[in-house]
Amino acid sequence: MDHHARTPPPDGDPAAVADALTRSGAFVECVFHCPECAVAGTGLVRPAALVGRLCAACGDPVVVSVLERD
Ligand SMILES: [Zn+2]
């Protein structure tokens, strides 16, 4: 994999696509948790969108932890 594709392969497996996105720095993998209503989950988020992320359920700010992988 030394070609410089900027977009992930459309039929690639999701883990590989996520890996390509996080390696590129366009997205970071994170875990979020809402202290208000206890909704929690994981997802790929643009670094600029990490601050001020709001709970989808109640609209309160969520606690976000970035998963570091290498
Ligand atoms: Zn909430």
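It should be noted that the structure appears before, not after, this text.
Residues numbered from 1 in each chain as written. Predicted model: local features only at pLDDT ≥ 70, side-chain atom pairs only at ≥ 80, totals over all residues. Heavy atoms only, no water.

J.: Which parts of the structure should I look at to understand the overall build of the chain?
T.: Looking only at helices and strands, the chain features one helix and three strands. Along the chain, from the amino end to the carboxyl end, the secondary structure elements read α-β-β-β. By the burial criterion, 14% of the 70 residues in the chain qualify as buried. Taking the intrachain contacts of the chain between residues at least 6 apart in sequence as the baseline, contacts between residues at least 24 apart amount to 33%. Surface summary for the chain: the accessible area is close to 5,300 Å², and the carbon and sulfur share equals 56%. (Helix = DSSP H or I, 4+ residues; strand = E, 2+ residues; numbered from the N terminus. Buried < 20%, exposed > 50% of the residue type's maximum accessible area, 1.4 Å probe, protein only. Contact = heavy atoms within 4.5 Å. Areas by Shrake-Rupley, 256 points an atom, 1.4 Å probe, with all protein chains shown as cover.)

J.: Just to check I follow, could you spell out the coordination of the zinc ion for this structure?
T.: For a metal with four donors in a tetrahedral arrangement, the ideal angle between donors is 109.5 degrees, while six donors in an octahedron ideally sit at 90 or 180 degrees. C34 (SG), C37 (SG), C55 (SG) and C58 (SG) make up the full set of protein donors to the zinc ion, lying at 2.2 to 2.3 Å. For the zinc ion, the single-chain donor residues occur in sequence as C-x2-C-x17-C-x2-C. With C37 in the loop between β1 (28–33) and β2 (40–45) and C58 in the loop between β2 and β3 (63–66), the pair connects residues that are 21 residues apart, well separated along the chain. We classify C58 as partly exposed; its relative accessible area is 35%. (Donors = N, O, S within 2.8 Å, 3.2 Å for Na, K, Ca; no water.)

J.: Teacher, can you tell me more about the sheet that holds β2 here?
T.: The strand order across the open sheet built from three strands is β2-β1-β3, with neighbouring strands paired in antiparallel fashion. Edge positions in the sheet fall to β2 and β3, since each of these pairs with one other strand and no more. Taken over all neighbouring pairs, the strand axes of this sheet differ in orientation by 30° on average, direction set aside. In the sheet, β1 pairs with β3 via four bridges, with the strands oriented antiparallel. Looking at β3, one finds that V31 is bridged to S65. (Pairing = 2+ DSSP bridges. Axes fitted to C-alpha atoms, helices over the stretch in contact; angles between N-to-C directions.)

This is a description of form; function is not addressed.
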